[in-house]
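What the coordinates show
Here is what each chain is made of, one letter per residue.
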Amino acid sequence: MKQYPLMHNRASKIAFGLFLTAMLFLSRDTLFSSCLVGFAESQILMLGLIVVLGGAFLWVNRSAFAEILKDPRILVLLCSALVLVLPMVVKRDWQLMYFSILLCILTSVFLTYFTSHREIARYYVILLTVLGVYSIFATYVLRELAQAGILSPHVFYNSNEWEFYDFGFTYAVTMEYWHRNFGIFREPGVYQFFVLLAVYLNNYAVDWNRQWKLWLCNVALAFTMLTTFAIGGFAELGLLIIFLFFDKKWYRERWGKSAAVVAVVLLAGVVGYFFYLMRQPYFAHTIFYEFYDMFIRLTTDSDSMMDRKAAILANLEFFTRSPFVGDTIAHVLHGTNHNTSSTMLLYAILGVVGGSVNVVAWAALLWKRERNLLGNLMLMVILFMSFNTQNLVANVFFWLFPMMALVERGLPLLKRSK
């Protein structure tokens, strides 16, 4: 599949890295876009960045404009538009959310004209690693300095009237005894999706020239995930580490066996210390109280757990009611309290075709021929867990890597079959 020139020198590569950074901050699931800039303003800015990048691409490749229009990716763009617009027209459901999702898909396909998901993965992993390290530092060091009156950061409120410190590239809640890491995102449950995706890409999509870079990113991202104290994030990270241990055959290496023993000993130590702290009068003020809160939310009918179960059942009902074009967006989003299941939400809104496009795209990213069926299914379950605890369907990074992988793997297969 042909790629056209754009990222041809160091300056253009740096500019593209800044573009991805801005896209991440402006995406609809960050506190930056919803509280500091404004939702509508951030979406306009994001669209403007995409238009500027598209204009630069067309200018650099103006001599190949006719060839670009004849490229089979144009057919992918048109089919994507049909999948998103047709249900909207049939249902007469005139909502901009269809176009928000379509923009995510079109942007992903457009990027394949001059780069690949593996190239973008390197940018993404480095970005999430740097932001992750800084978010840990801000949450557990800068926040303490602000509470002690040594620093005076800007303070803002989210839609729930929670107060946050603005540390520039991360945000921390001002509540003294809440230790969860939000990063730049609206809640830790969203942050965990972006971190888990970075861990996967770091181990399967990025080709590092030095092994220490791989492990530096792995360790930093793992600690970032742990500081979110997201139940799903903990489960997904643990399952992915076990999956990597066997899929990468680390168990055959001496260091792999040693690391497994050390991990088990450390885990046992943490659990033991946790039970020791539970007997202390100041337990509720420590960071370990977050583990207790996670246990309570997981084992009881907490609001978050009930909302997630209700979302899956409600979306299933909406889908079965109208399996071909889905139900209206208003009915789906407001049919249950906090509709959080991204996969089922797409099926409920777009029907069987629209929902399946996303599933197939993720399969194109995650599925490997050399891996057995069970291994591929396990990996898909782990990643699907990360975005089915939150509604991420209109976030560009939810579609970016899967759709790029689908185009990169799908179009050559179609050409070969012809």
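Provided above is the structure to which this section pertains.
Description of the structure in this document. (Residues numbered from 1 in each chain as written. Predicted model: local features only at pLDDT ≥ 70, side-chain atom pairs only at ≥ 80, totals over all residues. Heavy atoms only, no water.)

**Here we look at the pairing of strand E1 (residues 154-157)**
Where E1 and strand E2 (residues 163-166) come together, four bridges link them in antiparallel fashion. Bridge pairing in E2 links histidine 154 to aspartate 166. Once E1 ends, the chain turns through five residues before running back antiparallel as E2, passing glutamate 161 with a positive phi of about 65°. (Pairing = 2+ DSSP bridges. Helix = DSSP H or I, 4+ residues; strand = E, 2+ residues; numbered from the N terminus.)

**Thoughts on the sheet that holds strand E3 (residues 171-173)**
A sheet is described by the order of its strands in space; here three strands give the open sequence E1-E2-E3, paired in antiparallel fashion. Of all strands in the sheet, those bounded by a partner on one side alone are E1 and E3. Within this sheet the neighbouring strands show an average axis-to-axis angle of 35°, counted without direction. Strand contacts of helix H7 (residues 117-147): E2 and E3, with the helix running at about 65° to E3, the strand carrying the most contacts. (Axes fitted to C-alpha atoms, helices over the stretch in contact; angles between N-to-C directions. Contact = heavy atoms within 4.5 Å.)

**Regarding the packing of aromatic side chains**
Applying the stated criterion to the full structure yields 51 aromatic pairs. Look at tryptophan 162 and tryptophan 178: their rings are 5.1 Å apart centre to centre, the planes differ by 80°, and that puts the pair in the edge-to-face class. Note that tryptophan 162 is positioned in the loop between E1 and E2 and tryptophan 178 in the loop between E3 and helix H8 (188-204), a separation of 16 residues in sequence. Taking relative accessible area as the criterion, tryptophan 162 reaches 30% and is therefore assigned partly exposed. Between phenylalanine 398 and tryptophan 399, the aromatic rings sit 5.7 Å apart at their centres with planes inclined by 80°, giving edge-to-face as the arrangement. The pair phenylalanine 398 / tryptophan 399 is uniform in exposure class, with both members buried. (Phe/Tyr/Trp six-rings, centres within 6.5 Å; stacked < 30°, edge-to-face > 60°. Buried < 20%, exposed > 50% of the residue type's maximum accessible area, 1.4 Å probe, protein only.)

**Here's the deal with the pattern of salt bridges**
One pass over the structure, following the stated rule, counts nine salt bridges. When the shortest N-O distance is used, the salt bridge between lysine 2 and glutamate 67 registers 2.9 Å. With lysine 2 in the segment before helix H1 (10-26) and glutamate 67 in helix H4 (residues 65-70), this pair connects stretches of sequence that are 65 residues apart. Between arginine 321 and glutamate 317 there is a salt bridge whose closest N-O contact spans 3.0 Å. Of the two residues, arginine 321 and glutamate 317 are both situated in helix H13 (residues 303-321); the distance of four residues between them amounts to about one turn of the helix. With relative accessibility at 46%, the residue glutamate 317 sits in the partly exposed group. Residues joined by salt bridges that share partners form a network here, namely Asp29, Arg186 and Glu187. (Salt bridge = Lys/Arg side-chain N within 4 Å of Asp/Glu carboxyl O.)

**Some thoughts on the packing of helix H3 (residues 39-60) against helix H6 (residues 97-111)**
Helix packing geometry: the angle between the two helix axes and the distance between the axes. Across the interface, H3 lies against H6 with an axial gap of 12 Å and an inter-helix angle of 25°. With respect to their mutual orientation, H3 and H6 come out roughly parallel. The chirality of how H3 crosses H6 is left-handed. Every residue of H6 that contacts H3 at Leu47, Ile50, Leu53, Gly54 and Phe57 is listed here: Leu103, Thr107, Phe110 and Leu111. Partitioned by chemical class, the residues of the contact of H3 with H6 number seven nonpolar, two polar and no charged. (Parallel < 35°, antiparallel > 145°, perpendicular 65-115°, else oblique. Left-handed = near helix turned anticlockwise from the far one by under 90°. Nonpolar A, V, L, I, M, F, W, Y, C, P; charged D, E, K, R; others polar.)

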